[in-house]
Amino acid sequence: QRHLTIPCEMCIRDRPYPYSSIKARLLIPLLAILLAGTFALAVAAAPYSRKAVDSVYDLLLAGAVLQIGERVQVDDGEVVVDLPGSAFELLALAREDRVFYRILSPDGRTVTGDDVLPEPVRHLAPGKPVFYNSSVLGSPVRVAALRREMAERSLSGPVLVLVAQTMQARNDLAETLWRGALVAIALVCLLILLLSALAVRVALRPLASIDQALLAKNPRDLSPLVIEAPAELTHTVSAINQFLDRLRTQVNSTQSFIADVSHQLRTAITAIRAQAELAAEEDDPQRLRLLAARIHKRSVGLGRLSSQILNRAMVIHRADAVPLIPLDLRALALNADDFDHAPLPKDEVLVAGDPVSLEEALNNLISNALRYGQPPFAVRVWQDEQADRAFLAVRDHGSGIPPEHWEQAGERFNRIGQGGAESAGLGLAIVKAVAEAHQGSLLIQRGDDGGFDIGMSIPLLHEEPQP
């Protein structure tokens, strides 16, 4: 089948990487996604590791500040504290870190501890530890603050208990967790990439099986591929089989055409040679003139046969190689040299056509009409919108082809009783080939006025395609 197409300006082999490999087209985007995911996870792992470490160390600070808070008492109007040693035992496990504490009385005076430890900047709810970051002597610290309300006769008000620890140990632990997470993420991504490459390779095996099936076929074997393929490749296999079917049809047609041409040329050349040999041995002038006339007649037929053989080969080639374009059949009829045309439709009669092939078909119709028909002659164009067909024909008023031979019209080297040795028998074959290349058919009919039409029926083109 012919389709209205626009020639492609760039073939696949000219396309840049990664179009050269399906594996690359699958794996490169997947690798980009994995790298982006790895980067996102690496960025997210840092705060997650910090949060996890802070939650553990904050529990230790909370335990220490609560234990100290429980030992705060009032004695003779003074705040006294019996510091428990267990409050600092767990914090002391981080040997590279230092621990600070401070207890403040309701009047803001430091009861005991380090004055350098800063007080919280916001109001604290009683009984619940609050955590914040600060610095002591230029070192960053994490502080746990506890507010305890005292309600004694001699003293009432809030007592603040502060316990702080430097952050070296928790920073080291957070970095260790983050690096461990990066290693785990990288290994998982690498494993996913390897498994994806394996999956892509397995998924593309049917392509290799198609390649092997094609390479295993004998060059003369144009039968369809019989192979199991995934649903995504059924259209590919179907397209290959359609191509093989078209190729088989073309090969068979070409082989048959070559055989017929060889026979026809051999017959014509043999006849000319036989007449020439007779002429070489003939002494009678009248007989020589008769033989010369026969040789001329055979030579004219051979020339016409050669010309039409080449024209038909050109038509067959253009049927598969040249895209169809929008074409107005009225313009084609108007371009017929030295030949009348019947009244043409006012509107365009658009078809998807090859102007060179259609012009060659029209020339053959005109030549046949002039050789075998009777005047008046005319090129006719009309359309039938209900049948969705356009028609291009040449009308003459001769006897035409007998109805019993209409079905054989268009067969190669079939002269159906018209002409003699000078007839090539390919004129209507060319017209039929052009019509079929345009998804049409050969048209033969007898008009109401006794005229004989022979031409082509071609599907109408309703909308001009966009380039």
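Refer to the structure above for everything that follows.
All of these numbers come straight from a predicted model, not from anything done at the bench.

### Remarks on a nonpolar patch on the surface
Stage number 1. A surface patch of nonpolar side chains, about 370 Å² in accessible area, is lined by Leu191, Leu195, Leu198 and Val202.
Stage number 2. As for its placement among the helices and strands, leucine 195 is situated in helix α3 (residues 168-203).

### Looking at the packing of aromatic side chains
Stage number 1. Using the criterion set out here, one finds 3 aromatic pairs in the structure.
Stage number 2. Centroid distance phenylalanine 88 to tyrosine 101: 5.7 Å. Interplanar angle 50°. Geometry classified as tilted. Of this pair, phenylalanine 88 sits in helix α2 (residues 86-89) while tyrosine 101 sits in strand β3 (residues 99-104), placing them 13 residues apart in sequence.
Stage number 3. Between tryptophan 406 and phenylalanine 452, the aromatic rings sit 6.4 Å apart at their centres with planes inclined by 50°, giving tilted as the arrangement. Of the two residues, tryptophan 406 is situated in the loop between β11 (389-396) and α9 (427-437) and phenylalanine 452 in strand β13 (residues 452-459); the sequence distance between them amounts to 46 residues.
Stage number 4. The partly exposed category is assigned to tryptophan 406, whose relative accessible area is 28%.

### What about helix α1 (residues 22-70)?
Stage number 1. With 49 residues, α1 extends 71 Å from end C-alpha to end C-alpha; this agrees with the ideal 72 Å at 1.5 Å per step.
Stage number 2. The largest bend in α1 is about 25°, located at alanine 45, with the proline proline 47 one to four residues further on.

### Comments concerning the pairing of β3
Stage number 1. Two strands pair when backbone bridges link them, and β3 and strand β7 (residues 156-166) are joined in this way by 6 bridges, in the antiparallel orientation. Pairing of tyrosine 101 across the sheet is with valine 163, part of β7.

### A few points about the pattern of salt bridges
Stage number 1. Throughout the structure, instances matching the rule amount to 16 salt bridges.
Stage number 2. We note a salt bridge from aspartate 54 to arginine 170, for which the minimum N-O separation is 2.8 Å. Here arginine 170 lies in helix α3 and aspartate 54 lies in helix α1, a separation of 116 residues in the sequence. The pair formed by aspartate 54 and arginine 170 is uniform in burial state, with each residue classed as buried.
Stage number 3. Measuring nitrogen to oxygen at the nearest pair gives 2.7 Å for the salt bridge that ties aspartate 453 to arginine 395. With aspartate 453 in strand β13 and arginine 395 in strand β11, the pair connects residues that are 58 residues apart, well separated along the chain.
Stage number 4. Residue aspartate 453 is classed as buried on the basis of its relative accessible area of 0%.

### Some words on a negative patch on the surface
Stage number 1. Taken together, the side chains of Asp347, Glu348, Asp384 and Glu385 present a region of like negative charge at the surface.
Stage number 2. Secondary-structure assignment places glutamate 348 in the loop between α7 (329-334) and β9 (350-353).
Stage number 3. Given a relative accessible area of 49%, glutamate 348 falls into the partly exposed group.

The rules behind the values
- Sequence order sets the numbering: in each chain, residues are counted from 1 along the sequence as written.
- The predicted origin of the model limits local features to residues at a pLDDT of at least 70 and limits the giving and counting of side-chain atom pairs to 80 or more, whereas totals for whole chains, interfaces and linings rest on all residues.
- Side-chain measures here rest on the full set of heavy atoms in the structure, leaving out hydrogens and waters.
- To count toward a patch, a residue needs a relative accessible area over 30% and no salt bridge; like charges are then connected within 9 Å, while nonpolar side chains (Val, Leu, Ile, Met, Phe, Trp, Tyr) are connected within 5 Å.
- Residue burial considers only the protein chains on display, and all accessible areas are found by Shrake-Rupley using a 1.4 Å probe.
- For this document, the term salt bridge refers to a Lys or Arg side-chain nitrogen within 4 Å of an Asp or Glu carboxyl oxygen.
- Helix and strand definitions here come from DSSP, where helices need a minimum of 4 consecutive H or I residues and strands a minimum of 2 consecutive E residues; each element is numbered from the N-terminal end.
- Centre distance within 6.5 Å is the pairing criterion for rings of Phe, Tyr and Trp, where only the six-membered ring of Trp is used; planes under 30 degrees apart are then read as stacked, over 60 as edge-to-face, and the remainder as tilted.
- Residue burial is assigned from relative accessible area. The probe radius is 1.4 Å, only protein chains are included, and a residue is buried under 20% of its type maximum, exposed over 50%, and partly exposed in between.
- To estimate the expected span of a helix, count its residues, drop one, and scale the result by 1.5 Å.
- What is called the bend at a residue is the angle between a pair of axes, fitted to the seven residues leading up to and ending at it and to the seven starting from it.
- Two strands make a pair as long as DSSP finds a minimum of two bridges between them.
- Counted as positive: Lys and Arg. Counted as negative: Asp and Glu. His and the chain ends are not counted at all.
- By convention, the charge on Lys lies at NZ, on Arg at CZ, on Asp at CG and on Glu at CD.

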